[in-house]
Amino acid sequence: MYFLWLNINTLSELVNKNLSSYEIAKELNCSQTNVRYWLKKHGLKTIKPQQPTKSQVCSKCDIEKSIGEFYKRNDNRIHHWCINCFNKSTQQTNNTRRVNRKKKLVDLYGGKCINCGYNRNYASLHFHHKDPTQKTFNLDSHHVAALNWKILLNEANKCELLCGNCHGEHH
């Protein structure tokens, strides 16, 4: 094998026959690297052969999709839900868990602001740390959804329940 100057006309004919760079190299008895170099130099591109697409039906939405559109597990097995359905389901599960755990925490601590008695909206009720030096983490939606319930209770024991307005005034 040696470096060979490849004519644009010769390459064009072979590209028009839908040959790959490997097949062109074999035909011209030169390296594939040489062929790729001259294809790029002359602005030519080979047509990649179409891979047979494998498809699967999502068991959640019942739509047939290619394998690439399905969630892949850590062990490279394909999940039976497509990526869209998997993400929606995970998001809904996390949102439900977050809301339910916040409601449960708020109910455990009286269900209303200790200053003014506000109790109309759970989202407007905040856990305020009585002693900021004892604070391990904020009791925000991320932590409420993600952490162990006992750890949340330990942190909530360091707090008092305030509405957004009273919490803002306090700070």
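In short, a report on the structure. Quick caveat: nothing in here was measured; it's all calculated off a predicted structure. (Residues numbered from 1 in each chain as written. Predicted model: local features only at pLDDT ≥ 70, side-chain atom pairs only at ≥ 80, totals over all residues. Heavy atoms only, no water.)

The next subject is the environment of Ile 8. For Ile 8, the location among the structural elements is in helix α1 (residues 8–16). Taking the relative accessible area as the measure of exposure, Ile 8 reaches 35% and is therefore partly exposed. Separated by 21 residues in the primary sequence, Ile 8 and Asn 29 have C-alpha atoms spaced 16 Å apart. With residues near it in sequence (within four places) discarded, Ile 8 still touches His 42 and Leu 44. (Helix = DSSP H or I, 4+ residues; strand = E, 2+ residues; numbered from the N terminus. Buried < 20%, exposed > 50% of the residue type's maximum accessible area, 1.4 Å probe, protein only. Contact = heavy atoms within 4.5 Å.)

The next point concerns the pattern of salt bridges. Within this structure, the stated rule accounts for 1 salt bridge. Measuring nitrogen to oxygen at the nearest pair gives 3.1 Å for the salt bridge that ties Lys 158 to Glu 155. Residue class for Lys 158 comes out partly exposed when judged on its relative accessible area of 25%. (Salt bridge = Lys/Arg side-chain N within 4 Å of Asp/Glu carboxyl O.)

Glancing now at the nonpolar core. Judged by nonpolar contacts, the single largest core of 16 residues is most densely connected at Leu 105, Cys 113, Leu 125, Phe 127 and Leu 139. Only α4 (83–108), β5 (125–129), α6 (149–156) and β6 (159–163) provide two or more residues apiece to this core. Take this core: its biggest share by element is 4 residues, from β6. Apart from the residues within four sequence positions on either side, Cys 113 is in contact with Tyr 118, Leu 125, Leu 161, Leu 162, Cys 163 and Cys 166. Leu 11, Ile 24, Ala 25 and Leu 39 belong to the second-largest nonpolar core, a separate cluster that totals 12 residues. (Core = buried A, V, L, I, M, F, W, Y, C linked by side-chain atoms within 4.5 Å.)

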